[in-house]
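A closer look at the structure
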Amino acid sequence: MTEAVDRARVLQGLRALYPEGRILTRPAELAAYESDALTAFRARPLAVVLPETREEVVATVRWCHRHGVPFVARGSGTSLSGGSLPVPEGIVIALNRLNRILRLDPEERIAVVEPGVVNLDVSRAAAPFGLYYAPDPSSQPVCTIGGNVAFNSGGAHCLKYGMTSNHVLALEVVLADGEVVRFGGESLEGVGPDLVGLFVGSEGLFGIALEVTLRLVPKPEAYRTVLAAYRSLEAAGDAVAQVVASGLLPGAVEIMDRLSIEAAEAAVHAGYPEDAAALLLVELEGEEPEVEAELVELLEVVRASGAYEVRLARDEADRQRIWKGRKGAFSAVGRLSPDYLVQDGVVPRTRLGIALAEIERLSRKYGLRVANVFHAGDGNLHPLILYDGRQPGQLQRAEELAGEILRLCIRLGGSITGEHGVGMEKRQYLAEMFSEQDLEVMRRLRRAMDPGEIANRGKMFPVPQQLEAAAAS
Amino acid sequence: MRTGAVLRPSDVDSLREAVRQQPRVWPRGAGTKTALAPPEGAVVVEVSQLRGVLDYDPAEFTFTALAGTPVREVEELLGRHGQYLPFDPPLSAAGATLGGTLASGLSGPGRYRYGGVRDFVLGVRFVDGRGELVRAGGKVVKNAAGFDLAKLMAGSLGRLGVVVELSFKVFPAPRARASLRVDRPGFEAAWGLLRALYTSSFDLEAVDLVPPGTVWVRVAGRPESLPTRVQRLRAFLQGGEVVEGDSGIWEEVREFRWVPSGWTLVKVPVTPRRVLDLERELLPTASLRRYSAGGNVAWVAWPEEPAALSDLLERLDLRGLRVLGPPGLPFLGRVDSDGFSSRVKQALDPVGRFGPYP
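As the structure is a prediction and not an experimental result, all values here were calculated from the model.

**As for the overall build of chain B**
Check the secondary structure of chain B and you find 12 helices and 19 strands. Against the compact-globule benchmark of 21 Å for 358 residues, chain B has a radius of gyration of 21 Å, which places it among compact chains. Reported as C-alpha extents along the three principal axes, the dimensions of chain B are approximately 60 × 50 × 35 Å. Restricting to contacts in chain B with at least 6 residues of sequence separation, those with at least 24 account for 69%.

**Some thoughts on the interface of chain A and chain B**
On the side of chain B, 76 residues touch chain A, which itself brings 89 residues to the contact. Interface area, chain A with chain B, both sides summed: about 6,900 Å², of which 55% is carbon and sulfur. When residues of chain A are sorted by the area they lose upon contact with chain B, Glu189, Val191 and Glu287 of chain A head the list and together hold 11% of the total. Here chain A and chain B share 18 salt bridges between them. In this structure, Arg195 of chain B engages Glu107 of chain A in a salt bridge whose closest nitrogen and oxygen atoms are separated by 2.9 Å. If you look at where chain A meets chain B, you find 44 residue pairs in polar contact (both at pLDDT 80 or more). At the level of elements, strand S5 (101–105), helix H6 (158–161), strand S9 (180–184), helix H7 (195–199), helix H8 (233–245), helix H10 (288–304), helix H15 (427–433) and helix H16 (436–449) of chain A are the ones that each hand at least two residues to the side of chain A that touches chain B.

**Notes on the domain arrangement of chain A**
Residues and elements named next belong to chain A. Each assigned domain of chain A is listed here: domain 1 (3–94), domain 2 (101–218), domain 3 (222–331), domain 4 (337–411) and domain 5 (430–472). Here domain 3 and domain 4 have C-alpha centroids that lie 22 Å from each other. Taken residue by residue, the interface counts 13 residues in domain 3 and 16 residues in domain 4. Summed over both sides, the interface of domain 3 with domain 4 buries roughly 1,400 Å², with 68% coming from carbon and sulfur. Three residues, Ile255, Leu259 and Phe330, lead the burial of domain 3 against domain 4; their summed loss comes to 39% of the area buried on that side. For the side of domain 3 that touches domain 4, the secondary structure elements donating two or more residues are H8, strand S13 (252–257), helix H9 (258–268) and helix H12 (329–334). Considering each element in turn, the side of domain 3 that touches domain 4 owes the most residues, five residues, to S13. Here the side of domain 3 that touches domain 4 is composed, by residue class, of eight nonpolar, two polar and three charged.

**Examining a negative patch on the surface**
Taken together, the side chains of Glu262, Glu274, Asp275 and Glu309 of chain A present a region of like negative charge at the surface. In this fold, Asp275 of chain A is placed in the loop between H9 and strand S14 (278–286).

**Considerations on the packing of helix H10 (residues 275–282) of chain B against helix H11 (residues 307–315) of chain B**
Residue and element names in this part refer to chain B. At a minimum axis distance of 11 Å, the contact between H10 and H11 shows a crossing angle of 145°. Remark: the crossing between H10 and H11 carries right-handed chirality. Contact residues: H10 offers Leu278, Glu281 and Leu282, while H11 offers Leu309, Leu312, Leu313 and Arg315. Grouping the constituent residues of the contact of H10 with H11 by class yields five nonpolar, no polar and two charged.

**Re unusual backbone geometry**
Residue and element names in this part refer to chain B. A cis amide bond links Pro211 with the next residue in sequence, Pro212, at an omega value of 10°. Assignment of secondary structure puts Pro212 in the loop between strand S12 (206–210) and strand S13 (214–221). Here the phi dihedral of Asp317 falls at roughly 60°; this positive angle occurs in a residue that is not glycine. Position of Asp317 relative to the elements: it lies in the loop between H11 and strand S18 (319–324).

**A closer look at the nonpolar core**
In terms of nonpolar packing, the biggest core is built from 143 residues, with Leu171 and Leu445 of chain A together with Phe63, Phe147, Phe168, Phe340 and Val344 of chain B touching the most fellow members. Of all the elements, helix H14 (residues 394–411) of chain A adds the most residues to this core, at seven residues. Once residues lying within four places of it in the same chain are set aside, the contact partners of Val344 of chain B are Leu195, Leu198, Leu445 and Met449 of chain A together with Leu152 and Leu160 of chain B.

Thresholds, definitions, all that
- Residues numbered from 1 in each chain as written.
- Chains lettered and ligands numbered in written order.
- Predicted model: local features only at pLDDT ≥ 70, side-chain atom pairs only at ≥ 80, totals over all residues.
- Heavy atoms only, no water.
- Helix = DSSP H or I, 4+ residues; strand = E, 2+ residues; numbered from the N terminus.
- Rg over C-alpha atoms; globule rule 2.2 N^0.38 Å.
- Contact = heavy atoms within 4.5 Å.
- Buried area = accessible area lost by both parts, 1.4 Å probe.
- Salt bridge = Lys/Arg side-chain N within 4 Å of Asp/Glu carboxyl O.
- Polar contact = N/O pair within 3.5 Å; in protein donor to acceptor, adjacent residues only side chain to side chain.
- Domains from an automatic or database assignment.
- Nonpolar A, V, L, I, M, F, W, Y, C, P; charged D, E, K, R; others polar.
- Patch = residues over 30% accessible without salt bridge, like charges linked within 9 Å, V, L, I, M, F, W, Y side chains within 5 Å.
- Areas by Shrake-Rupley, 256 points an atom, 1.4 Å probe, with all protein chains shown as cover.
- Lys, Arg positive; Asp, Glu negative; His and termini not counted.
- Charge placed at Lys NZ, Arg CZ, Asp CG, Glu CD.
- Axes fitted to C-alpha atoms, helices over the stretch in contact; angles between N-to-C directions.
- Left-handed = near helix turned anticlockwise from the far one by under 90°.
- Core = buried A, V, L, I, M, F, W, Y, C linked by side-chain atoms within 4.5 Å.
- Buried < 20%, exposed > 50% of the residue type's maximum accessible area, 1.4 Å probe, protein only.

Structure, rendered in structure tokens:
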């Protein structure tokens, strides 16, 4: 059988599941789905389907299982690790139309949502009740809950309340072989092994979340947002250690370096001091009298840490402006360069200064600019490596530089990813963080859910030749 | 029940050996959760010899310790540096270990503020059903690399593996605390108060409801702001007695000292709204109850073999976990058998060395 005939036969079966217009197969239609936010990778799927009900998702997964066709679930395609990159000749299941908030129960502080619901829409729906959904990735105006669950997304406010995993209570999932399972519950507590904790962050390798029960939290009564300017990145890094050591527990502790400040300022006019080598952003949140008292101490610590300018957000609008600059920093830096890679390594917080100095050295060594904008309170770095993909060899140099940063994180006792997931991008480095035995147990879990390894095939796990290369190095 | 053999391996390698050699293994820490006792024919593998803090840099707000390390030992160490585990690990005065706390998935009243044991564990090393040593998670506060088997171990009762080492994040300890006791004429009024607090923007460490009509609230923070916060809280509650020197009150709760000796204590996850249904069913029984974590968990003390309690929970579509009292099957109430947990079990313990679920 020729390839073309084979493809037509495969698609015929899938077409029976969807009406015209909800199955895309023409190259022009597929182009938008060939890549996610990690633009260095592209792959053309066989087809993209646009289910509108969970039954359609289940039927599609069962069809894929029956025919051994790999599939990738996709929300808004904001993955920075290539997590929603299509499998060549596989099916993309685009979940954006499953975007209903099925139940919002403010008294129980829960929201039950479909996977295609946009992160920020949960908080918007909860706002009239004084509640919100805490995890706030920078892409929150577009990224979906299904993707957040698959990659255990974080955000700027993980320090106090954790990542997605700490905010998911229950799941309904279609496993890769078509079985539909439910686990977890509406209570914050449970009995038996924490299955929700296992599923969140499994990178789509077990199956697709069809329904997600989220925990909502009351909006803090008050915020105090402090912006401090430093003459060096290292001084800002050291200030983080001092803030943490003071016994304060801020909602967020962020750092931006000169390149990111300039880019953010040009893009959104956040009102940042433009001559700063680094900005430290610390946000306190909680009851009004408490944050007032904490602010006194925070300002003392920050001033003693060598900040030459310290500003307090005047009002909510000012606070929003400050955050807009921070959250828009990736795309703002992107304007400085034709292409960029975002890294997501984590180092112990006490090693931040060392890590930043080393990244600067690597940047000079490779002759590539690196912007730093990151969740300093968690030790979660986000070096943005700027490169020009049209220049021969630059992407490869950027990837080598990224690899050195990841190895640095492992060497310092950290992790290759804090919140973006392993995806396509970092899979060979997983074998440097975990032993073959550790990975074998993870593979066994994966095969228990997905014997044919059709769900998001090729992600997270190192591919064999890369394993060999890692062993040889 | 026959008293089985007890093995006390002195290092991880001999623990792996013990797991490999025994067809049925029951991991145990200090055995403080008395109701969770080994089934007949299982060899107890005690991790109490594997103890000690391996790594603790106070500036990092994380630590790594062996599973048999008593929680109290860690709490004292953290306390010397102004830090704590915010979820009030239960039975720590009784000798509970870190590994047993994770494996039983139990958290105390303080879990209300920042989450429970599953929210604070960062990484584990465990011995799986084939006797292999497996590491998952990490030692840093944020990490999304690989499957989160550390969270999976929370509540696993040692049936997916024997945890031998754990890493946790910790928080700065509050410098001041106050507790408020509010009495209402009857359960429904007190329950209404609990629910009002649940959706309020007060930052409370603990909110517990004790029948017939008492709500206990704990606030913590800076000494200079605490009086104002307590005052505002009292205005919201329309009263409330401030209890000084409150640590004893909560220690009693964490240690379950209110549970009569020999009774069975059962943990029942619930939601704030459903607390009323549960209380209505339990009121005519001889049980004692405490609704904790803002109404997310009911601790039910039962004077005899809890078969009737199990039926009652099943009627209400609730599940329970036996914690204290005479040994028995761990799970009560609704039976959950989903394809997900059985596959997890099959992958980690293919020969069923650690006993079945449920």
